[in-house]
Each structure stands twice: as structure tokens, then as C-alpha cells.
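Each chain is listed here by its residues.
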Amino acid sequence: MDEFHLYIDGAFVPGAATFPSLDPATGEPWALMPEARAPQVNAAVEAAHRAFHGPWSRLTASQRGKLLFKLADLVQAAAPRLAQLETRDTGKIIRETSAQIAYVADYYRYYAGLADKIEGAHLPIDKPDMEVWTRREPLGVVAAIVPWNSQLFLSAVKLGPALAAGCTVVVKASEDGPAPLLEFAKLIHEAGFPPGVVNILTGFGPDCGHILTTHPKVAHIAFTGGPGTARAVVRNSAENLASTSLELGGKSPFIVFEDADLDSAANAQVSGIFAATGQSCVAGSRLIIQASAKDAFLAKLKAKAEAIRIASPQEMTTEVGPLCTQRQRDHIEALIEASVTAGATLITGGAPLPGPGFYFPPTILDCSTAPDAPAIKDEFFGPVLSVVSFDTEEEALAIANDTAYGLASGVFTASLTRAHRMIRGIRAGVVWVNTYRAVSPIAPFGGHGLSGHGREGGLAAALDYTTTKTVWLRT
Ligand code: NAD
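The name an unreviewed UniProt entry gives the protein is Aldehyde dehydrogenase family protein, with Stagnihabitans tardus as the organism. UniProt, in its Sequence similarities (unreviewed entry) section for the protein, records the words "Belongs to the aldehyde dehydrogenase family."

Written as C-alpha cells, this is what we have:
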């Protein structure tokens, strides 16, 4: 079986124990992963702390940027290997993992270019004998914790800005599917980052994650995952009053008006919910459709959903692969059952596929007659679309905002003025109009409420890894 290592203080080391990683396409173990426990976590944080006060702080911002540019090139060169590993370990289809690695390199490049543009300001204080200015200084050691979907991408949106700002980082890969991040450590090494600047661990949440987030030398916790875990992380951060940024789940509204281009909206809806087998925080999981267009739109969706090719994630023509874990499959099945019991109607899909692996077909649930069904409120994090209908624009907005989450949203309409009203009214961190799922390193991303706080992407994300020092100099 393939074996992986932790990356601590510039060295590849074993964990305290190993645990098997399952191939989601077969349900069989394929590799042994190293488990970080207290000694490994403490060693990683200490190394990051030494590097922060040592070699990393002696580099200029443009030298940090050059290392990030080199890392971006290495990511690009290693893309096929990284994509293959991510597909193997998480079941995410090869077409998607290959495409996403290109974004990962783009994010590192963007933050490489930003490293020497993080500036303080001169302040025109009303005192003739005083010079006053601000310096943007790095926060210190950052704990970056990611879930199992898109680990390379979700770590890049933390590592890029944190390293550009001058922080050092301990990354905790998820215990589910950590292979691509453990492999990525080799690129950090090859790029020539000083030992301890980036450390990569994996292990279990209540042990490795808990120790990392309560460590007194961690200044900031950048967390992506579920809201329940986020609460534990915030409680842990209280120990040392570390700051937190939280990128959590969603129940994103996908609103289609009768005047929209229904074919284009249907294509966006299908990829909006079924890409990554629905295991995406921005999944457009609540279709809010104008009643007059409902039958025509659902007919298109049903036909498209049933034509999707479900097969091995390693094949380039596969459109939906397995879920990452059996646990995830059980969760989805239970939520569908509870929703059907509450009165929702299955339009297609609804039950796991027989055979090996954690496959679940694209599923559409009409909840128009079951407004309190769990499928309307709770995140599936799987290939399940819940449908409700509306008559008026006000109703559409009220349904869209009737959620504890507030991450992404989509509006499909031919009316520019209506689009503007919806943009103003929707409570979400992202509004996509007549498109869905577009991302760029330049554009901030994040949510409200149970979707978390803080933003990733853009200049602001790099500034979030800094603190402001104000200097008063009597002349
Ligand atoms: P999760 O919350 O179970 O785990 C996330 C990470 O937290 C893992 O690395 C886990 O080991 C760690 N963890 C668990 N307990 C911990 C503890 N007590 N202390 C510290 N760390 C701990 O999430 P998951 O089920 O792996 O991922 C799915 C969730 O992630 C969904 O809710 C999804 O919407 C969300 N997500 C959000 C975004 C975003 O950018 N907003 C992106 C992807 C996924």
C-alpha cells in the first residue's frame, strides 16, 4: 500500500500511528496515512514559531513573493500527479481535479504578486514635529484547517495570503482524503521555503485538530468545514484568544424567473448542484423556481440529471463520481428519507447505487408541498437538489433569505432591474447573476451566519493575515 508522511520543520516524518485511507470508488483501503497526535502537532507549531521569528522574518516581501511564484510553477508542473491523487483519495472526478489544480496555481501566483504590495500608510497628523505611519505586520503562526473536498484549493486560499503577508503556517489536512496535500508538501520543500514556514499534518479532529487550535503559539485559525466543527474551533480559540476566519457550509438559493433563458439556467443548475457530486460549499442546492416555469424547467432538469454519466472518477468522461465517504452517503440517504416522510416528492434519484464504492445518483426532491422538510434547511453536501416554487419577486426573496446560511446565491432573469433588486436583497456573500460558480483569486469569497465570517480571495484576505502597528516619531 502507498504510504505518506507528515511534513514538519522541513522534514518528512512518520506520524504517531497510521490509518488506512479508503478509495471511494471501491470502498477499499489503498494507502496508509500518518496520524499526527500531540508530539507531532507541538513540533509543527514550534517549528512554525521558530521560522516566524527566524528565517522567514528576515526575507523581504518580494523574496517571499518569489518563493510563491516558484511554488505556483511547481504546482502547475505537478498538476497531473496531484489531480490523480486527489481523485484517488476523495473520489472527486479527474476532470474536476485537473481543472481545479490550474486555479490552485493561479491563486499562488496572485498572492505571489501581492506579497510586496501589502502597505502601511503615512498619516497626516496635526502636529508639525511628529511623523506618524502604520506598518502592516504578519499575525504569526496560522493554523489552516481544511475539510476533505478540494483540499489543495482550500489550503491555497489560506497559504497564499498568509505566506504573502509573512505568516508561517501549520496546515491540517482532513483525515478523509489527505493524500494530495501530503504530496503537495514535496513542492513546498522543492520550492525552497525555509524549514518550518509551512508544515503539513493530517490526523483526527478531536485530537490533532483540538491540540492545534488550543496551542498557545497559534495566533490565527483559518478554518473551512462544517458549522458544528466551527463552534468547537471557536471555543478552542478562546483559550488563547486567537483570531478566526470561518468558511462553512451553505444552502444556497438558485432563483429562476420565468423570463430567464431556461436552457442556460438548467445547465448552470445541473453543474451548480451536481459538480463535485454535490460536495461543494457553494452547491446551488435550493432551486427557487417561478411557478409558471416550474414544469418546463423541472422536465429539463430531470432529463439532464438522468443523462449524467456516473462512473469511475478516474475516467475523463465521467460526470459524477462517488461521494468521499460512506458516512456522507448515509447522511444523504437519511436526510432524503426524512424529507420524503415530511411530504417531499422524489423526481429522480433518491437511493444509493448498488455495488462497491460510495456512489449516489443525482437526485431532485420537490419540496413545494413540504416547506418544513429537512431538505430545505439542512446541508446535504451531496448531489441532491431541493425545489420550491414562488409566484412573486418578494416571495422569491423571502424564500431565498429564509436560511441560517448565507454563502452563495444565483439569480436567473432577463430583467436587469430585477437582477439589481435581487442583488440588493439577497443575504449571501456571493451573488451570481445568469451564471453560477465563477471564481477568481481577485474576487473575495465568504459568507454570513452559519456560513461563517471573514473572506478568502482578493487583497483583503492578505490584509486579514496582518495586524497594524502605528508608529509615532518625534522629529
Ligand atoms: P468537518 O467540519 O467535519 O471537518 C473539517 C476539518 O476540521 C477536518 O480537517 C477535521 O479533521 C477538522 N476538525 C474536526 N473536529 C475538529 C476539532 N474539534 N478541532 C479542530 N479541527 C477539527 O467538515 P467536513 O465534513 O470534512 O466538510 C464538509 C463541510 O465543509 C461542509 O459543511 C461544507 O459546506 C464545508 N465547506 C465549506 C467551504 C467554504 O469555503 N465555505 C468549502 C468546502 C467545504
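Bringing the environment of Arg50 into the picture now. With respect to the helices, strands and loops of the structure, Arg50 is situated in helix α1 (residues 38-53). Given 19 C-beta atoms within 10 Å, Arg50 falls into the partly exposed group. C-alpha of Arg50 to C-alpha of Gly15: the two residues are 35 residues apart in sequence and 21 Å apart in space.

What follows deals with the nonpolar core. Core analysis: the biggest nonpolar cluster contains 151 residues, and Tyr108, Val142 and Val169 have the highest contact counts within it. Apart from the residues within four sequence positions on either side, Val142 is in contact with Ala162, Cys167, Val169, Ala219, His220, Ala222 and Tyr465.

What surrounds the ligand is a group of 29 residues, the closest being Pro147, Gly205, Gly209, Gly225 and Thr229. Put simply, the parts of the chain that give the shell around the ligand at least two residues each are α8 (205-213) and α9 (227-238). It is α8 that provides the largest number of residues to the shell around the ligand, a total of five residues. Classifying every residue of the shell around the ligand by side-chain character gives 12 nonpolar, 13 polar and four charged.

Pairing is antiparallel across the open sheet formed by three strands, whose spatial order is β6-β7-β21. At either margin of the open sheet sits one strand with a lone partner, and together these are β6 (122-123) and β21 (466-474).

Our next topic: the sheet that holds strand β1 (residues 2-3). Spatially, the three strands line up as an open sheet ordered β1-β5-β4, and their pairing is mixed. Edge positions in the open sheet fall to β1 and β4 (17-23), since each of these has one partner strand only. Pairing between β4 and strand β5 (residues 28-35): seven bridges, direction antiparallel. Within β5, the residue paired with Ser21 across the bridge is Ala31.

Its identity is not glycine, yet Asp9 carries a phi of approximately 55°, on the positive side. By secondary structure assignment, the location of Asp9 is in the loop between β2 (6-8) and β3 (11-13).

The next point concerns the UniProt feature "domain: Aldehyde dehydrogenase" (unreviewed entry) in the protein. The UniProt record annotates "domain: Aldehyde dehydrogenase" (unreviewed entry) at residues 17-471. The span residues 17-471 carries 43% helix and 20% strand; its end-to-end C-alpha distance comes to 49 Å.

Residues annotated in UniProt with the feature "active site" (unreviewed entry) correspond here to Glu247. By the secondary structure assignment, Glu247 is in strand β12 (residues 243-247). We classify Glu247 as buried; it has 27 C-beta atoms within 10 Å. When neighbours within four sequence positions are excluded, Glu247 is seen to be in contact with Thr224, Cys281, Gly446, Gly452 and Glu456.

Of all seven residues making up strand β11 (residues 218-224), seven are buried, and the element is well covered by its neighbours. Summarising the sheet, strand β8 (residues 141-145) and β11 pair through five bridges and their orientation is parallel. Across the sheet, residue Val141 finds its bridge partner in β11, namely Val218. Examined bridge by bridge, β11 and β12 share five bridges and lie parallel to one another. Note that in β12 the partner of Thr224 across the bridge is Glu247. After leaving β11, the chain enters α9 and then returns to the sheet as β12, a path that is right-handed.

What counts and what doesn't
- Residues numbered from 1 in each chain as written.
- Predicted model: local features only at pLDDT ≥ 70, side-chain atom pairs only at ≥ 80, totals over all residues.
- UniProt positions renumbered as here; feature names shortened; annotations may be inferred.
- Helix = DSSP H or I, 4+ residues; strand = E, 2+ residues; numbered from the N terminus.
- Buried ≥ 20, exposed ≤ 12 C-beta atoms within 10 Å, placed from the backbone.
- Core = buried A, V, L, I, M, F, W, Y, C linked by C-beta atoms within 7 Å.
- Contact = placed C-beta atoms within 7 Å.
- Near = placed C-beta within 6 Å.
- Nonpolar A, V, L, I, M, F, W, Y, C, P; charged D, E, K, R; others polar.
- Pairing = 2+ DSSP bridges.
- Right-handed = clockwise from strand over helix to strand, strands pointing away.

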